[in-house]
Amino acid sequence: MNLDAPIHVAGHRGLVGSAIVRRLQAAGHTKLLLRSHAELDLADAQATDDFYAVEKPAYVFLAAAKVGGIHANNAYPADFIADNLAIQGSVIGAAHRHGVRRLLFLGSSCIYPRLAPQPLREDSLLTGPLEPTNRAYALAKIAGIELCWSHNRQHGTRFLAAMPTNLYGPGDNYHPVNSHVIPGLLRRFHEARLGAAPSVAVWGSGTPRREFLFSDDMADACVHLMNLPDARFDTLLGSDEAASGRFEPPLVNIGTGEDLSIRELVDLIAHTVGYRGEVQFDTSRPDGTPRKLLDVSRLHALGWRHRVGLREGLATAYADAFGAPAVAHEAG
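Only a predicted model underlies this, so the values are computations on that prediction, with no experimental measurement involved.

*Asks:* How do you make sense of the environment of Gly 184 when you look at a structure like this?
*Replies:* Among the structural elements, Gly 184 can be located in helix α6 (residues 181-194). The exposure class of Gly 184 is buried, given its relative accessible area of 13%. Along the chain, Gly 184 and Ala 219 lie 35 residues apart, while their C-alpha atoms are 22 Å from each other.

*Asks:* Help me understand the side chain of Arg 210, please; the structure alone is not making it clear to me.
*Replies:* Its location among the elements puts Arg 210 in strand β8 (residues 209-210). Among buried charged residues, Arg 210 stands out as having no salt bridge; its nearest opposite-charge side chain is Glu 131, 6.6 Å away. If near-sequence neighbours (up to four positions away) are discounted, Arg 210 is found in contact with Asn 166, Asp 259, Leu 260, Ile 262, Asp 287, Gly 288, Thr 289, Pro 290, Arg 291 and Lys 292.

*Asks:* Just checking my understanding: could you explain the environment of Ile 111 for this structure?
*Replies:* Examined against the element boundaries, Ile 111 turns out to sit in the loop between β4 (102-106) and α5 (135-155). C-alpha separation for the pair Ile 111 and Pro 129, spaced 18 residues apart in sequence, amounts to 10.0 Å. The contact partners of Ile 111, leaving out residues within four places of it in the chain, are Leu 125, Leu 130, Ala 138, Lys 141, Ile 142, Ile 145, Met 163 and Leu 251.

*Asks:* I'm lost on unusual backbone geometry in this one. Help?
*Replies:* Apart from glycine, the bulk of residues carry a negative phi angle, and the bulk of peptide bonds sit in the trans form. Cis geometry marks the peptide bond from Gln 118 to Pro 119, where omega comes out at -10°. With respect to the helices and strands, the residue Pro 119 is situated in the loop between β4 and α5. We note that Lys 56 has phi near 50°; this positive angle belongs to a residue other than glycine. Within the fold, Lys 56 resides in the loop between α2 (45-55) and β3 (59-62). With a relative accessible area of 47%, Lys 56 lands in the partly exposed category.

*Asks:* Looking at this structure, how should I read the sheet that holds β4?
*Replies:* Strand pairing in a sheet relies on backbone hydrogen bonds, with the paired strands running either antiparallel or parallel. The sheet built from six strands is open, its strands ordered β2-β1-β3-β4-β5-β10 with parallel pairing. Taken across any chain shown, the strands that pair with only one partner, and hence form the sheet edges, are β2 (32-33) and β10 (251-254). In this structure, strand β5 (residues 159-164) lies alongside β10, joined through four bridges in parallel fashion. Following the sheet pairing, Ala 161 is matched in β10 by Leu 251.

*Asks:* Honestly, the sheet that holds strand β11 (residues 260-261) in this entry has me stumped. Any pointers?
*Replies:* Taking strand neighbours across the sheet as the criterion, the three strands line up as β11-β8-β13 in an open arrangement whose pairing is mixed. Edge positions in the sheet fall to β11 and β13 (291-292), since each of these pairs with one other strand and no more. In the sheet, β8 pairs with β13 via two bridges, with the strands oriented parallel. Across the sheet, residue Arg 210 finds its bridge partner in β13, namely Lys 292.

*Asks:* It is not clear to me how the pattern of salt bridges should be interpreted in this structure. Could you clarify?
*Replies:* The full count for this structure, using the stated rule, is 17 salt bridges. Close ionic contact of Arg 158 with Asp 234 constitutes a salt bridge, the shortest N to O distance being 2.9 Å. Placement of the pair is Arg 158 in the loop between α5 and β5 and Asp 234 in helix α8 (residues 230-234), with a sequence separation of 76 residues. We note a salt bridge from Arg 246 to Glu 248, for which the minimum N-O separation is 3.0 Å. By relative accessible area, which is 32% here, Glu 248 ends up partly exposed.

Rules used throughout
- Residues numbered from 1 in each chain as written.
- Predicted model: local features only at pLDDT ≥ 70, side-chain atom pairs only at ≥ 80, totals over all residues.
- Heavy atoms only, no water.
- Helix = DSSP H or I, 4+ residues; strand = E, 2+ residues; numbered from the N terminus.
- Buried < 20%, exposed > 50% of the residue type's maximum accessible area, 1.4 Å probe, protein only.
- Lys, Arg positive; Asp, Glu negative; His and termini not counted.
- Salt bridge = Lys/Arg side-chain N within 4 Å of Asp/Glu carboxyl O.
- Contact = heavy atoms within 4.5 Å.
- Pairing = 2+ DSSP bridges.

Right, here's the structure in full:
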């Protein structure tokens, strides 16, 4: 990507989009097209098309989405599928009509079947039933992959989908109910420490295993993909299965290739925050998918690996969110 090329970062105020903006700015990109929801409703297809007609972005990072944790996904499935389908259809359609050179669509590892073999390979897509608590969101993201794939086959576009693992970092959503697991736990343990609470309740059994990626690492991987040479990038854009006989979606996993149990994560977070009370696991609450570890061999073969370890990332996220010094590396 040329440093003066117009780049639209859709969803630039969110966890993913803001990290991509930081990465692009650090690299010296000078023409970032950034619009808040109040300035441009990406679910409005006509407004989005008008924006693309005027601004003519050369590259698009589609990070805009309605996101939430297990409670929000389970409680508001109609909102999650409808809003995400509208945003994706609007942006991807406008990108095709107005000649975007490359588009990177950001999804989620929840697209993979609930009981798919671990680690999750890109070709596990559509091989089994999804996790019911976030099926609506997952189906919307699968539809986004198919939108990219279909445009590539029919129109010769160069639209790629990237599926990050669970993300956390600066600018995360710390809502007490609708947040993802790391920000939700950081807030809960922080408030428990301040209030000298004797115990903290955590949803589920603590046995599910999860993989976590620092948001700035994710952004670096996204920019790495978008900067690949044409010949390498084009190999990622999916095949025409009717012609090739191969199921090859335009999809790349983004993660660390490492996971840990929720119980181990809780211990790390309690230590980061400095909370020394009791942890109680509420087994009446859902665990979600038993394990979600991504196979990142394709990404590694493209020359990228994560840099920020979980202990360091948690300390950074905690300090950013609460202005409090983390104690993750203290003894005791």
